[in-house]
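For reference, the chains in residue letters:
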Amino acid sequence: MLIEVPDSHPRALSLHIREKLIDGFDKGLVAKAGLIAHGRGECFDYLIGEKTQSFAEYATEAACAMLLLAEHPVLSINGNVAALCPEDVIELSKVTHAPLEINLFYRTKEREDALLHHMQDYGAQEILGVGDDETVQIEELQSKRRIVSKKGIFIADVVFVPLEDGDRTEALVASGKKVITVDLNPLSRTAQKAQITIVDNIVRTVPFMTKKIIEMKKYSTQKLQEICDNFDNQHTLKMALQFIQQRLRELS
Ligand code: ATP
Ligand code: MG
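None of the values given here were measured: they were computed from a predicted structure.

About the cut-offs
Residues numbered from 1 in each chain as written. Chains lettered and ligands numbered in written order. Predicted model: local features only at pLDDT ≥ 70, side-chain atom pairs only at ≥ 80, totals over all residues. Heavy atoms only, no water. Helix = DSSP H or I, 4+ residues; strand = E, 2+ residues; numbered from the N terminus. Buried < 20%, exposed > 50% of the residue type's maximum accessible area, 1.4 Å probe, protein only. Contact = heavy atoms within 4.5 Å. Areas by Shrake-Rupley, 256 points an atom, 1.4 Å probe, with all protein chains shown as cover. Lys, Arg positive; Asp, Glu negative; His and termini not counted. Charge placed at Lys NZ, Arg CZ, Asp CG, Glu CD. Core = buried A, V, L, I, M, F, W, Y, C linked by side-chain atoms within 4.5 Å. Salt bridge = Lys/Arg side-chain N within 4 Å of Asp/Glu carboxyl O.

*Asks:* Explain the overall build of the chain to me, please; I cannot follow it from the model alone.
*Replies:* Assigned secondary structure in the chain consists of eleven helices and eight strands. Dimensions along the principal axes, computed over C-alpha positions, put the chain at roughly 55 × 50 × 35 Å. Residues classed as buried in the chain amount to 50% of the 252 residues present. Expressed as a percentage of contacts within the chain between residues at least 6 apart in sequence, the contacts between residues at least 24 apart total 63%. Accessible area for the chain stands at about 12500 Å²; split by element, carbon and sulfur atoms hold 52% of it. For the chain, the centre of its 30 positive side-chain charges and the centre of its 37 negative side-chain charges are spaced 3 Å apart.

Printed below as a string of structure tokens:
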């Protein structure tokens, strides 16, 4: 059950987000390690001022261009993402025409079912990677983390994998996919290995992406291609680190 957080509380938004995660854990959506990952995320969110900064805007534009140019884009969701912003990922899936695929680091039948029903309750029409959907294994990964949808990640050219683990990101990149991630930690392996890293909180990123996609649908293919070609992920990650460094210097 969600604990009421009064709007007047100085950290109301952050506490509200935290409650969603705890509720997701109680419902069997979020793994124990997902709660710990959220704590890491909160820490980095403090450091970037809990706002979408210019380095995230820049990466978001490139991510949207890449999704618009993709032939088979897929949006991968895990327990944390489903608990934090189910409506937002469904909306993003609609505007990008990219299917949603459930991908779990800690995969159990119970968690699969809980996530499928949770997403359906929020109005998702089709969810890949669980239930009757046919899955296959990708060689680069160990054990259950290899499982991907035959209609989804297996054939995807561009994969959106927010809050992803480093091993899986490396495997996706090694299997030739273009990987877009959202990760508040600019130093994580995922942040470093993905082609596009949006250093921001998923709850801010996904609605912003939907807004940008609608705006950028008017762009020519050439313009979208230029945005992708000009994007430099290492430079963007350095911008994030420099921002944090500068902010800490000012605060101290
Ligand atoms: P890696 O495996 O990539 O080296 P890790 O093991 O530290 O990273 P994981 O648990 O594998 O972390 O991945 C989760 C990532 O998601 C973490 O880097 C964490 O900072 C980030 N994260 C957690 N919550 C959010 C959020 N709400 N928005 C964006 N990023 C988040
Ligand atoms: Mg990890």
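*Asks:* I would appreciate a short explanation of the nonpolar core in the present structure.
*Replies:* Burial of nonpolar side chains together is a common tendency in soluble globular proteins. Formed by 60 residues in total, the largest nonpolar core has its most connected members in M119 and I180. The element contributing the most residues to this core is helix 3 (residues 54–69), with nine residues. Contact partners of M119, with chain neighbours within four places excluded, come to I77, A82, P86, V89, I90, L100, A124 and I127. If you look at the next biggest cluster of nonpolar residues, it comprises ten residues, including A156, V161, V179 and A194.

*Asks:* Help me understand the pattern of salt bridges in this model?
*Replies:* It is possible for side chains of opposite charge to pair when their charged atoms get near one another. Counted under the stated rule, the structure contains 14 salt bridges. Notably, a salt bridge pairs E50 with R11, separated by 2.5 Å at the nearest N-O pair. Of this pair, E50 sits in the loop between helix 2 (32–47) and helix 3 while R11 sits in the segment before helix 1 (12–26), and the two are 39 residues apart along the sequence. In this structure, E170 and K193 form a salt bridge, with 3.9 Å as the shortest nitrogen-oxygen distance. One end of the pair, E170, is in helix 7 (residues 166–174); the other, K193, is in helix 8 (residues 189–193), and 23 residues separate them in sequence. Since its relative accessible area comes to 42%, K193 is described here as partly exposed. When salt bridges with common partners are traced through the structure, they connect D45, D200 and R204 into a single cluster.

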